[in-house]
Amino acid sequence: ALQYENEFGGIRSQGDQEYFDLMRNTIDKSGFKELLTNCDGGATLVTALKTIQKGVLETVNFNSDSLKQLTALRQAQPNKPLYVSEFWPGWFDYWGGGHAHYDVKKFEKEVTDV
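Since this is a predicted model, take the numbers as computed values, not measurements.

**Student:** What is the right way to look at unusual backbone geometry in this model?
**Tutor:** What is expected of a backbone is that most residues other than glycine have negative phi and most peptide bonds are trans. Positive phi, normally seen in glycine, also occurs at Glu 7, with a value near 60 degrees. Of note, Glu 7 is situated in the loop between β1 (2-6) and α1 (14-29).

In C-alpha cells, the structure reads:
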C-alpha cells in the first residue's frame, strides 16, 4: 500500500481537486500498482469521508472516540476494510516541555467497545 496524502482533510475546492489529481497522476505515471491510501482524522475526517477518491482506501487516525471514528469510516466505505493508520495512545514531548501522557484505562474501555 502507498499512502499518498496525510491529514489533508478532504477536497474543498477546485484547487484541492487539482492537487489530488496531480498526486494520483504522478503516482500512476511512475508505475506504482499498490493500493493507494489517504489518512485523515479528527475534525478533518468528516470532510474527507465526503470526498473519498475512487480507488483509494481512506484510513483514519485518532486517539479517542474509536467507535465513532470507525463507524463513520464504515458508513463512508461500506465495502472496504477498516484501516486505522495511526492510533496514538500517547503524544510526543516538546523540547523543554512537560511529559505528554494519556490515561491508559480510558483507552482500554474504548478499544473493548469496538
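Further notes follow.
**Student:** What's the story with the confidence of the model for the protein chain in this structure? I'm lost.
**Tutor:** Keep in mind that low pLDDT regions are not for reading the predicted coordinates in detail. Mean pLDDT over the protein chain stands at 83; residues scoring 70 or higher make up 90%. Ranking the helices and strands of the protein chain by mean pLDDT puts α1 first, with 92, and helix α4 (residues 104-113) last, with 61.

**Student:** Would you mind showing me how to read the packing of aromatic side chains here?
**Tutor:** How two aromatic rings sit relative to each other is given by the distance of their centres and the angle of their planes. Applying the stated criterion across every chain, the model contains 5 aromatic pairs. When the centroid spacing of 5.6 Å and the interplanar angle of 85 degrees are considered together, the rings of Tyr 19 and Phe 20 count as edge-to-face. For Phe 20, a relative accessible area of 3% corresponds to the buried category. With a centroid separation of 5.7 Å and an interplanar angle of 75 degrees, the aromatic rings of Phe 62 and Phe 87 are classed as edge-to-face. Note that Phe 62 is positioned in strand β3 (residues 56-62) and Phe 87 in strand β4 (residues 84-87), a separation of 25 residues in sequence. Under the relative-accessibility criterion, Phe 62 is labelled buried at 4%.

**Student:** What am I meant to see in the pairing of β3 here?
**Tutor:** β3 sits mainly inside the fold: 7 of its 7 residues count as buried. Residue alternation in β3 divides its side chains into two sets, Val 56, Glu 58, Val 60 and Phe 62 and Leu 57, Thr 59 and Asn 61, and both sets are buried. As paired elements, strand β2 (residues 36-41) and β3 share 6 bridges and run parallel to each other. Paired with Leu 36 across the bridge in β3 is Val 56.

Quick notes on the rules
- Along each chain, residue indices are assigned from 1 in the same order as the chain's sequence is written.
- Whole-chain, interface and lining totals are the exception, using all residues; otherwise, since this is a predicted model, local features are given only for residues with pLDDT of at least 70 and side-chain atom pairs are given and counted only at 80 or more.
- Calculated side-chain values reflect all of the structure's heavy atoms, with hydrogen atoms and water omitted.
- A run of DSSP states H or I qualifies as a helix once it reaches four residues; a run of E qualifies as a strand once it reaches two. Both are numbered from the N-terminal end.
- What pLDDT conveys is the predictor's confidence in a given residue, as a value from 0 to 100.
- Pairs were defined over the aromatic rings of Phe, Tyr and Trp, the Trp ring being its six-membered one, requiring ring centres within 6.5 Å. Orientation was assigned from the angle between planes: stacked under 30 degrees, edge-to-face over 60, tilted for the rest.
- Residue exposure (1.4 Å probe, protein chains only): buried if accessible area is under 20% of the type maximum, exposed if over 50%, otherwise partly exposed.
- Any two strands are treated as partners once DSSP identifies two or more bridges connecting them.

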